[in-house]
Amino acid sequence: MSVSISIGSGKGGTGKTMLLCNLALLLAKKGRKVCLVDLDIGGADAHLLFGLFEPKHSLTDFLNRSVDTLQETIHTFYAFHGLQIIPGTGNTLQTANMSYQEKQRLLRAISQLDVDVVLIDVGAGTSYHSLDFFMFSDIQICVTMPEPTSIMDLYSFLQLATIRKVLGSFLSNSQIGSILKKQTFSSISEVFDLAENTQTGAKQKAQEALRYFHPLLVVNRDIPNTNLNKAKLKKLVAKYLGIDIPSLGEIPEDPAIRDALKAYMPVTELSPNAPSSKGIVEISEKIDKIIELFRQPTMR
Ligand SMILES: Nc1ncnc2c1ncn2[C@@H]1O[C@H](COP(=O)(O)OP(=O)(O)O)[C@@H](O)[C@H]1O
Ligand SMILES: [Mg+2]
């Protein structure tokens, strides 16, 4: 059984795809069997970072059933330690209109992939699909830049993800949709109250749902003296959402990342000594240890 890791953020451009592609490569280099699945609705570009311009198959083929299995859409990068990728769909509308059943079929197929680690790029934003793809995984990574605006975008993203997770613990999928249309919540305790008013004992179930939700925080394009913003985010999230977001690491602003993009190679491969590569390698080592924990049968 594979361990799944998803990466999300409030807005685009925080460096999610860059980080995920590098993590995928570093984990493959360590000998793990890795598949990167690009579920970024409308912005699927992970394959381009490896110089794959015209993939033979993409997620679209699975969604419109022109292939029978998700396995058939995999492309293997033999030059990159056998890393596998399922390129995202260029067909935004098709993915955005995905029905609940289709989404379940996709997620089931992802969890059945014959690999050690599945890395999911869920893209930015707070559509139901992005939130569900983000929450689907065993491990979540969230990325922000140090600016207060980016920090607030991430807060909003985590707030919606948390609310959706909690509502899902005591409501059916169609009920969640109608509640979210009618009501907004300013803190998670309001959702707990709604739970208890809906059915006795639901509050406890709702609290239980959050017990294992600890998205890991990465600050990308970091510049000195921005620890204050990170501390504020953590405080806000703990106070209003009741969750802890452990720090996974920081990646500095680094021109080597632009050079890597131009060379169609992850920065950790092209410039292993660049400051950003060092930050990413540290993150990958922590992730590797966490994966190991998940692979122990007692964790499941
Ligand atoms: N630490 C960094 N230093 C410099 N440029 C970066 C850094 N991280 C990301 N970038 C650049 O920012 C842009 C957005 O990155 P990307 O990974 O596509 O973001 P996302 O997937 O979150 O939209 C890309 O051009 C990327 O090369
Ligand atoms: Mg992206």
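Data block above holds the structure.
Residues numbered from 1 in each chain as written. Chains lettered and ligands numbered in written order. Predicted model: local features only at pLDDT ≥ 70, side-chain atom pairs only at ≥ 80, totals over all residues. Heavy atoms only, no water.

A.B. asks: Would you explain the side chain of His47 in this entry?
C.D. replies: Note that His47 resides in the loop between β2 (34-38) and α2 (59-63). Among all residues touching His47, those that are not within four sequence positions of it are Leu52, Pro55, Ile85, Pro87 and Gly88. (Helix = DSSP H or I, 4+ residues; strand = E, 2+ residues; numbered from the N terminus. Contact = heavy atoms within 4.5 Å.)

A.B. asks: Hey, could you run me through the pairing of strand β4 (residues 83-86) in this one?
C.D. replies: For a regular strand, side-chain orientation follows a simple rule: the groups alternate between the two sheet faces. Neither face of β4 is exposed, since Leu83 and Ile85 on one face and Gln84 and Ile86 on the opposite face are all buried. Sheet topology note: the β2/β4 ladder contains three bridges and is parallel. Across the sheet, the residue bridging to Cys35 is Gln84, located in β4. Examined bridge by bridge, strand β3 (residues 75-77) and β4 share three bridges and lie antiparallel to one another. Bridge pairing in β4 links His75 to Ile85. (Buried < 20%, exposed > 50% of the residue type's maximum accessible area, 1.4 Å probe, protein only. Pairing = 2+ DSSP bridges.)

A.B. asks: Looking at this model, I keep getting lost on the sheet that holds β4. Mind explaining?
C.D. replies: The strands that make up a sheet pair up through hydrogen bonds in the backbone, lying either parallel or antiparallel. Taking strand neighbours across the sheet as the criterion, the eight strands line up as β3-β4-β2-β5-β1-β6-β7-β8 in an open arrangement whose pairing is mixed. Strands at the two margins of the open sheet, each flanked by one partner only, are β3 and β8 (247-252). With strand direction ignored, the average angle separating the axes of adjacent strands in the sheet is 20°. Direction of pairing for strand β7 (residues 216-222) relative to β8: parallel, over a ladder of five bridges. (Axes fitted to C-alpha atoms, helices over the stretch in contact; angles between N-to-C directions.)

A.B. asks: Is there a simple way to explain the packing of helix α8 (residues 188-198) against helix α9 (residues 202-210) in this structure?
C.D. replies: The description of two helices packed together rests on the angle between their axes and the distance between the axes. Where α8 contacts α9, the axes come no closer than 7 Å and their chain directions differ by 140°. As judged from the angle between their axes, α8 and α9 are oblique. Contacts between α8 and α9 involve Ile188, Phe192, Ala195 and Glu196 from the former and Ala202, Lys203, Ala206, Gln207 and Leu210 from the latter. Residues of the contact of α8 with α9, tallied by class, amount to six nonpolar, one polar and two charged. (Parallel < 35°, antiparallel > 145°, perpendicular 65-115°, else oblique. Nonpolar A, V, L, I, M, F, W, Y, C, P; charged D, E, K, R; others polar.)

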